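Fold and contact review
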Amino acid sequence: RRSAGRGAGPVAAEGALHARGIARGPPAEGGCGLRAAPMARSSASQMMLVELADFIRGLDVYQPTIPEEVVSYLLATSGAASADPHVAKMIALAADKVLVDVLTEAQAAAKNRRRAEGATGPDTELRGEDVLWSLRRRGVTIMRDLAPPGRPPRG
């Protein structure tokens, strides 16, 4: 007997999906073609499937910052294309989350910088160094910094 792992074929893969409570079927309009398999599940598993279905329905009304077409193009050019339209939206949602996190952290860094400089007032100017700091915290490095520490960016 072959396991449902690598090289096991589509029948074994379908069995593995079914064992996890997922079955393939014809996609509903705008759907992904996956549905809950008719089998006994724990209430936690059922809750997770309901949450997943709600999440996928929510993707239909979500308008990402990065258009789906751009994400789909990037997926296709990287060799990771998907026929499921929700994949591009999920990736766009993740990109939006990272963007918001970077900007929120950069804004906090800018406020701290202004406070250290003794500046007052409600306006906080976001500088390249603030964004670079936030990106570095996430492991993203830019080859050339926009400005040395303590100096305004060139421009």
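**A few points about the overall build of the protein**
Regarding its fold elements, the protein presents five helices and two strands. Ordered by position from the N terminus, the helices and strands of the protein form the series α-β-β-α-α-α-α. Counting all 155 residues of the protein, 21% fall into the buried class. The long-range fraction of contacts in the protein, counting pairs at least 24 apart against all pairs at least 6 apart in sequence, stands at 37%.

**Here we look at the pattern of salt bridges**
Evaluated as defined, the whole model comprises nine salt bridges. The salt bridge partner of Asp54 is Arg57, with a shortest N-O separation of 2.3 Å. Of this pair, Asp54 and Arg57 both sit in helix α2 (residues 43–61), three residues apart, which is roughly one turn of the helix. Residue classification places Asp54 among the partly exposed residues on the basis of a relative accessible area of 41%. When the shortest N-O distance is used, the salt bridge between Arg137 and Glu105 registers 3.2 Å. Of this pair, Arg137 sits in helix α5 (residues 128–137) while Glu105 sits in helix α4 (residues 85–117), and the two are 32 residues apart along the sequence. The class of Arg137 is exposed, set by a relative accessible area of 54%.

**Section: the confidence of the model for the protein**
Close inspection of predicted coordinates is inappropriate in any region flagged by low pLDDT. Predicted confidence across the protein gives a mean pLDDT of 74, with 65% of residues reaching 70 or more. Note on residues 1–18: pLDDT under 50 across the span, and twelve contacts to partners over four residues away in sequence or across chains. Every residue in residues 20–24 scores below 50 in pLDDT, and together they form 19 contacts with partners more than four places removed in sequence or on other chains.

**As for the packing of α2 against α4**
Interhelical geometry of α2 versus α4 gives an angle of 85 degrees and a closest axis separation of 10 Å. The orientation of α2 relative to α4 falls into the category roughly perpendicular. Here α2 contributes Phe55, Ile56, Leu59, Asp60 and Val61 to the contact with α4, which in turn contributes His86, Lys89, Met90 and Leu93. In terms of residue class, the contact of α2 with α4 is made up of six nonpolar, one polar and two charged.

**Quick look at α5**
Each turn of an α-helix holds 3.6 residues, which means side chains three or four residues apart point in the same direction. Within α5 the residues assigned to the buried category are Gly128, Glu129, Asp130, Leu132, Ser134 and Leu135. Tucked inside the fold, the buried residues of α5 contact α4. Of the residues flanking the end of α5, it is Gly139, one or two places downstream, whose phi is positive at about 85 degrees.

**A word on a nonpolar patch on the surface**
Taken together, Ile66, Val70, Tyr73 and Leu74 make up a surface patch of nonpolar side chains, about 370 Å² in accessible area. Take Leu74: it is sitting in helix α3 (residues 68–77).

Calculation criteria
- Residues numbered from 1 in each chain as written.
- Predicted model: local features only at pLDDT ≥ 70, side-chain atom pairs only at ≥ 80, totals over all residues.
- Heavy atoms only, no water.
- Helix = DSSP H or I, 4+ residues; strand = E, 2+ residues; numbered from the N terminus.
- Buried < 20%, exposed > 50% of the residue type's maximum accessible area, 1.4 Å probe, protein only.
- Contact = heavy atoms within 4.5 Å.
- Salt bridge = Lys/Arg side-chain N within 4 Å of Asp/Glu carboxyl O.
- pLDDT = per-residue confidence, 0-100.
- Axes fitted to C-alpha atoms, helices over the stretch in contact; angles between N-to-C directions.
- Parallel < 35°, antiparallel > 145°, perpendicular 65-115°, else oblique.
- Nonpolar A, V, L, I, M, F, W, Y, C, P; charged D, E, K, R; others polar.
- Patch = residues over 30% accessible without salt bridge, like charges linked within 9 Å, V, L, I, M, F, W, Y side chains within 5 Å.
- Areas by Shrake-Rupley, 256 points an atom, 1.4 Å probe, with all protein chains shown as cover.

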